[in-house]
Amino acid sequence: MTMGEVAIEFPCLGETLTGIFHPGHNDSQVGVVVVVGGPQYRVGSHRQFVLLARALAQSGIPVLRFDYRGMGDSSGEHRIFENVNEDIGAAVALLVKRALVQNVVIWGLCDAASAALFYAPTDTRVMGLVLLNPWVRTEAGMARAYLKHYYVQRFLSRDFWKKVLSGKWRAGESLKSISDFAGKLQNPPSGERDRISKTKTLPERMLESWENYHGKVLLVLSGNNDYVADEFRDVVKASQRWSKLLKHSSTTRFEFTDADHTFSRSEWRNQVSERTRLWISGNF
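Procedures and definitions
Residues numbered from 1 in each chain as written. Predicted model: local features only at pLDDT ≥ 70, side-chain atom pairs only at ≥ 80, totals over all residues. Heavy atoms only, no water. Helix = DSSP H or I, 4+ residues; strand = E, 2+ residues; numbered from the N terminus. Contact = heavy atoms within 4.5 Å. Pairing = 2+ DSSP bridges. Axes fitted to C-alpha atoms, helices over the stretch in contact; angles between N-to-C directions. Salt bridge = Lys/Arg side-chain N within 4 Å of Asp/Glu carboxyl O.

Description of the environment of Val84
- Secondary-structure assignment places Val84 in the loop between β4 (63-67) and α2 (85-99).
- Linking Val84 and Tyr119, residues 35 residues apart in sequence, is a C-alpha distance of 8.3 Å.
- Those residues in contact with Val84, other than ones at most four positions away along the chain, are Tyr68, Arg79 and Ala115.

The following block contains the structure:
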C-alpha cells in the first residue's frame, strides 16, 4: 500500500468485510465505492481497481474498494451479484463516515455494474454510477450476440477463408455451434423458460432499477470482441425504454472501441481512470 492507504474491516449482517480506504482531500464532497464483480477480489483484473483508486485519491477523491461477503478476505458465504445490496450499503455508510462526504459514486465493471444499478435506487446518498460493460446476460441474449457479432465477423475475415481453402476448417463443429446458438434464440433452455414465465428477466429488472434511479450515470462500453458489451448494446437497441434512458441528459456514454472487456492494457486503464475523474469533477 502507498502512504495514506488504510486497511479496514467493517461489519455486514454478522460478517466482516475487508476493504482498503484511499483518502482524498478533506474538503471533497464526493467519494467513490468500487464494487468488485465476478470471481475476483478488491485488487481487480490487472490491478485495475488499485490503480483506479490511487489515481482518483491523488486527484482529491476518496475511494473505498472492498470485498463483499464470501469474496477475498471477507467472511461469510459466497453470493451472486444480485444479492449484495447489504454489502454495498455497508461500504457506502463506511465511506460517508470515514471521508465525511455528502455524495457517493459507485463504480462497477460487468456484474458489479449490475449490482450497483440494483442498489442505487435504494440510497439517496448515491448520486452517481460509473457502469462499465453492464452484465445483462440471458441465454437468448448471449446466443444473439455470438451469432451477430462473432460469426458474422468470422465469416468476413480473411483468416477464416484461408482456413477453409486449406482444408483446416472443421465445418461440422462450427455448423453445430451455430445451430446450437440459433436454437437458443428460438427455444431457451427449460430453466430459463420457467424463470421468464415466473419472473422478469435480468435486463428487465435492471431497466426498472435504472428508471427508478435519479442520479447521474457514466456508461463505459468496450469494443474489441467483448460480447458482454455487445449483448448490452443489443438489449438497448431492441428497447425504446432502454434507448430513452441512454439518451437522457443524466447519462454520459463513452465507447472504448479498441479495448477488451477488462481494459487489460495500461493505456486503456489510464483512459478509464481519467474519464472517471473528469466525469466526477464535472458533475459533483
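We are not done yet, so read on.
Considering the sheet that holds strand β2 (residues 15-22)
- Taken in spatial order, the eight strands line up as β1-β2-β4-β3-β5-β6-β7-β8 in an open sheet, and their pairing is mixed. What marks the edges here is a single partner per strand, and that holds for β1 (6-12) and β8 (251-256). For this sheet, the mean angle separating the axes of adjacent strands, direction not counted, is 20 degrees.
- In the packing of helix α1 (residues 48-58) onto the sheet, the strands contacted are β2, β3 (30-35), β4 and β5 (103-109), and the crossing angle to β4 comes to about 160 degrees.

Remarks on the pattern of salt bridges
- On inspection of all chains with the given rule, the structure shows 14 salt bridges.
- Among the salt bridges present, the one from Asp87 reaches Arg69, with a minimum N-O distance of 2.7 Å. Within this pair, whereas Asp87 is found in helix α2, its partner Arg69 is found in the loop between β4 and α2, the two being separated by 18 residues in sequence.
- Glu211 is the partner of Arg241 in a salt bridge, and the nearest nitrogen-oxygen pair spans 2.7 Å. Of this pair, Arg241 sits in helix α10 (residues 240-247) while Glu211 sits in helix α8 (residues 202-211), placing them 30 residues apart in sequence.
- When salt bridges that share partners are traced, they join Asp230, Arg233, Arg253 and Glu255 into one network.

Treat this as a map of the structure, not an account of what it does.
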